[in-house]
Amino acid sequence: MRYESPKTTKEAVTLLSKEKGKTFVLAGGTDLLVKLRMDMIEPDLMIDIKRIPAMNEINKTATGFKIGAAVSGRQLGASKALAKAWPGVVEATNLIGSDQIQGRCTMVGNLCNASPAADSVPAMIAAGAKAVVVGKAKRRAVAVENIVTGPGQTSLAKGEIIEAITLPKRPAKSGDAYLRFIPRTEMDIAVVGVAVSLTCKRGVIDSARVSLGAVAPTPLLVKEAAAAIIGTKLDKEALENLAAACSAACNPIDDKRGTVEYRVRVAGVLAKRAANIAFERAGGKK
Amino acid sequence: MTGVHVSTSINGDPVEYVCPADESLLDVLRDRVGLTGVKEGCGTGDCGACSITLDGALVCACLVLGAEAEGRKVTTIEGMGDGEKLHPLQRQFIDNAALQCGVCTPGFLIAAKSLLDENPDPTVEEIRYALAGNLCRCTGYDKIVRAVQAAAKDLRRQKK
Ligand SMILES: Cc1cc2nc3c(=O)[nH]c(=O)nc-3n(C[C@H](O)[C@H](O)[C@H](O)COP(=O)(O)OP(=O)(O)OC[C@H]3O[C@@H](n4cnc5c(N)ncnc54)[C@H](O)[C@@H]3O)c2cc1C
Ligand code: FES
Ligand code: FES
């Protein structure tokens, strides 16, 4: 295996597209180096993106926020502006692993590892986040929900790299939240994860996005769930409709962490709780 | 396998080594640099026995490549005391019997120091969350939490 640490995205893309052997982009390495250690992968080349200055920055832009692909959970958690605008995205990312893992893990690594249970991904989807995908010939902005195509699979083409995640500008009276259920209190894999992002106008929910994790082969954007709460003040009926829509969207597996029935039920329960938190953060009153 | 030449700083001292590109920083520290305070429990990020700091951030050395340390600042348990003088955390771990076999101890000390550097007066809950990435098979954790509380108190007193 060779190790390269390019200084620019362009250099990284060139390395990535030139290499004939198995190549991996190395961000925090908290998935990749576990796989390397377990002999699940045999890379010919690893391209470390942490020396690319632009990928280490969190910037407030005219259209919202731009978070570099190498920004760790720890760095993300230290950004007051981000925590104020997108508390759900920050709390979801900060749930990943321990403090040791937070020192390294990235949102983009979490996304590209493409685990159905990745914690930051539903929060990014609910937030309407986009991935800035850079290839040799062009760069494109891809909605986060269109990156993961199956367990361990992404829509990135050979030679493509994600440079950053963008989050839209936050209108007033907005809030987001992410909740996961795990059997332990920390250091565990989500049995169900739910993210809700919403904006209120005159006390009523004007727009919303709801995303589920760990209940299907990929994280889901559930439009029916959002429709169930738009136009409401999140009254009891709206919450029940939200829960029903979330449960209906589930297509989970049975495993030692939870049965199908359990996951379907918990998805609805957690969705109600996450929606209540997001509504409260948006200044909504019942 | 091509070797990577690395110049880095470990506990404030300049260090150079050559390692295979796929070798972990944990293996480099133990087998090439001779710093065996850093332990291997799992090798997969779960146990925290290999905790170190890299440019000030708490990380698992088993999930860092040796090659990544180029130009960075690494600190390990060997850098914690001041010569013969133990750090208050080390002293309190001994006084509170917060260790038995001791394999987990360097990792706990590094993680606890990282917590106290950022939060000098943590609650028990904060201590437990901050140490969730460190596993101990012997003590049952209570004594570790108490040692961290006692050391936090010592450190606050020292600062006054
Ligand atoms: C002890 C432990 C606990 C964990 N707990 C959790 C948890 O609670 N929740 C959770 O969701 N996950 C958890 N994880 C998994 C992991 O930490 C996360 O998925 C993390 O976000 C991965 O980020 P990374 O930067 O370390 O990724 P890496 O390991 O560097 O990369 C992951 C994948 O993404 C690719 N990649 C990385 N960056 C890019 C890029 N810019 N462009 C294209 N491809 C890229 C890599 O090639 C690789 O395939 C845990 C892992 C460990 C070891
Ligand atoms: S050896 Fe690194 S976390 Fe267990
Ligand atoms: S003292 Fe033995 S593992 Fe902690």
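Conventions used here
- Residues numbered from 1 in each chain as written.
- Chains lettered and ligands numbered in written order.
- Predicted model: local features only at pLDDT ≥ 70, side-chain atom pairs only at ≥ 80, totals over all residues.
- Heavy atoms only, no water.
- Helix = DSSP H or I, 4+ residues; strand = E, 2+ residues; numbered from the N terminus.
- Rg over C-alpha atoms; globule rule 2.2 N^0.38 Å.
- Contact = heavy atoms within 4.5 Å.
- Areas by Shrake-Rupley, 256 points an atom, 1.4 Å probe, with all protein chains shown as cover.
- Lys, Arg positive; Asp, Glu negative; His and termini not counted.
- Charge placed at Lys NZ, Arg CZ, Asp CG, Glu CD.
- Pairing = 2+ DSSP bridges.
- Buried area = accessible area lost by both parts, 1.4 Å probe.
- Salt bridge = Lys/Arg side-chain N within 4 Å of Asp/Glu carboxyl O.
- Polar contact = N/O pair within 3.5 Å; in protein donor to acceptor, adjacent residues only side chain to side chain.
- Expected span 1.5 Å × (residues − 1).
- Buried < 20%, exposed > 50% of the residue type's maximum accessible area, 1.4 Å probe, protein only.
- Axes fitted to C-alpha atoms, helices over the stretch in contact; angles between N-to-C directions.
- Phe/Tyr/Trp six-rings, centres within 6.5 Å; stacked < 30°, edge-to-face > 60°.
- Lys NZ or Arg CZ within 6 Å of the ring centre and 35° of its normal.
- Domains from an automatic or database assignment.

1. Points about the overall build of chain A
Helix and strand content of chain A: 11 helices and 14 strands. For chain A, the C-alpha radius of gyration of 19 Å lies close to 19 Å, the compact-globule estimate for 286 residues. Its C-alpha atoms give chain A principal-axis dimensions of roughly 55 × 45 × 35 Å. A separation of at least 24 residues holds for 59% of the contacts in chain A among residues at least 6 apart in sequence. For chain A, the computed accessible surface area is about 12600 Å², with 53% contributed by carbon and sulfur atoms. Side-chain charges in chain A split into 42 positive and 27 negative, and the spacing between the mean points of these groups amounts to 6 Å.

2. As for the pairing of strand β1 (residues 3–10) of chain B
All names here are of chain B. Where β1 and strand β2 (residues 13–20) come together, eight bridges link them in antiparallel fashion. Within β2, the position partnered with Gly-3 by the bridge is Pro-20. Counting the residues between successive antiparallel strands, the hairpin from β1 to β2 contains two residues, one of them, Asn-11, with a positive phi of roughly 50°. In this sheet, strand β5 (residues 73–75) lies alongside β1 in parallel orientation, the contact comprising two bridges. Each bridged residue has a counterpart across the sheet, and for Ser-9 the counterpart in β5 is Lys-73.

3. Observations regarding the interface of chain A and chain B
The interface of chain A with chain B comprises 26 residues on the first partner and 33 residues on the second. Contact between chain A and chain B buries roughly 2300 Å² in total, counting both sides, with carbon and sulfur atoms accounting for 56%. Of all residues in chain A, the largest losses of buried area upon contact with chain B belong to Met1(A), Arg51(A) and Gln100(A), amounting jointly to 28% of the total for that side. A salt bridge links Arg74(A) to Glu118(B); its shortest N-O distance comes to 2.9 Å. Counting the contacts that link chain A with chain B gives nine residue pairs in polar contact (both at pLDDT 80 or more).

4. With respect to helix α3 (residues 105–118) of chain B
Taking 1.5 Å of rise per residue, 14 residues should cover 20 Å, and α3(B) covers 20 Å from first to last C-alpha, within 8% of that figure. The buried fraction of α3(B) amounts to 11 of the 14 residues, a majority that puts the element mostly inside the structure. Those residues of α3(B) that are buried lie in contact with α6 (99–102) of chain A together with β3 (51–54), β4 (57–60), α2 (88–95), α4 (124–130) and α5 (142–159) of chain B.

5. Let's talk about the sheet that holds strand β2 (residues 23–26) of chain A
All names here are of chain A. Spatial ordering of the open sheet is given by β1-β3-β2, a layout of three strands whose pairing is parallel. Lying at the two open borders of the sheet, with one neighbouring strand each, are β1 (2–4) and β2. Direction aside, the axes of adjacent strands within the sheet are offset by 20° on average. Both β2 and strand β3 (residues 45–48) contribute to a ladder of four bridges, which runs parallel. Paired with Leu-26 across the two strands is Asp-48, which belongs to β3. Against the sheet, helix α1 (residues 9–18) engages β1, β2 and β3, with an angle of about 170° to β3.

6. Some thoughts on the packing of aromatic side chains
Inspection of the entire model under this criterion finds two aromatic pairs over all chains. Arranged with centres 6.0 Å apart and planes meeting at 65°, the rings of Phe181(A) and Tyr262(A) form a pair that is edge-to-face. Of this pair, Phe181(A) sits in strand β11 (residues 174–181) while Tyr262(A) sits in helix α11 (residues 260–281), and the two are 81 residues apart along the sequence. We classify Phe181(A) as partly exposed; its relative accessible area is 29%. Judged by centre distance (6.2 Å) and plane angle (55°), the ring pair of Phe108(B) and Tyr141(B) falls under tilted. Remark: Tyr141(B) occurs in the loop between α4 and α5 and Phe108(B) occurs in helix α3; sequence separation between them is 33 residues. With a relative accessible area of 0%, Phe108(B) lands in the buried category. Between Arg170(A) and the ring centre of Trp86(A), over which it is positioned, the NZ or CZ distance is 3.7 Å.

7. Details of the domain arrangement of chain B
Residue and element names in this part refer to chain B. Annotation of chain B at the domain level lists domain 1 (4–76) and domain 2 (88–159). In this structure, domain 1 and domain 2 have C-alpha centres spaced 22 Å apart. Taken together, the contact between domain 1 and domain 2 spans 11 residues of the former and nine residues of the latter. Counting every contact that joins domain 1 to domain 2 gives zero salt bridges. The interface formed by domain 1 and domain 2 contains three residue pairs in polar contact (both at pLDDT 80 or more).

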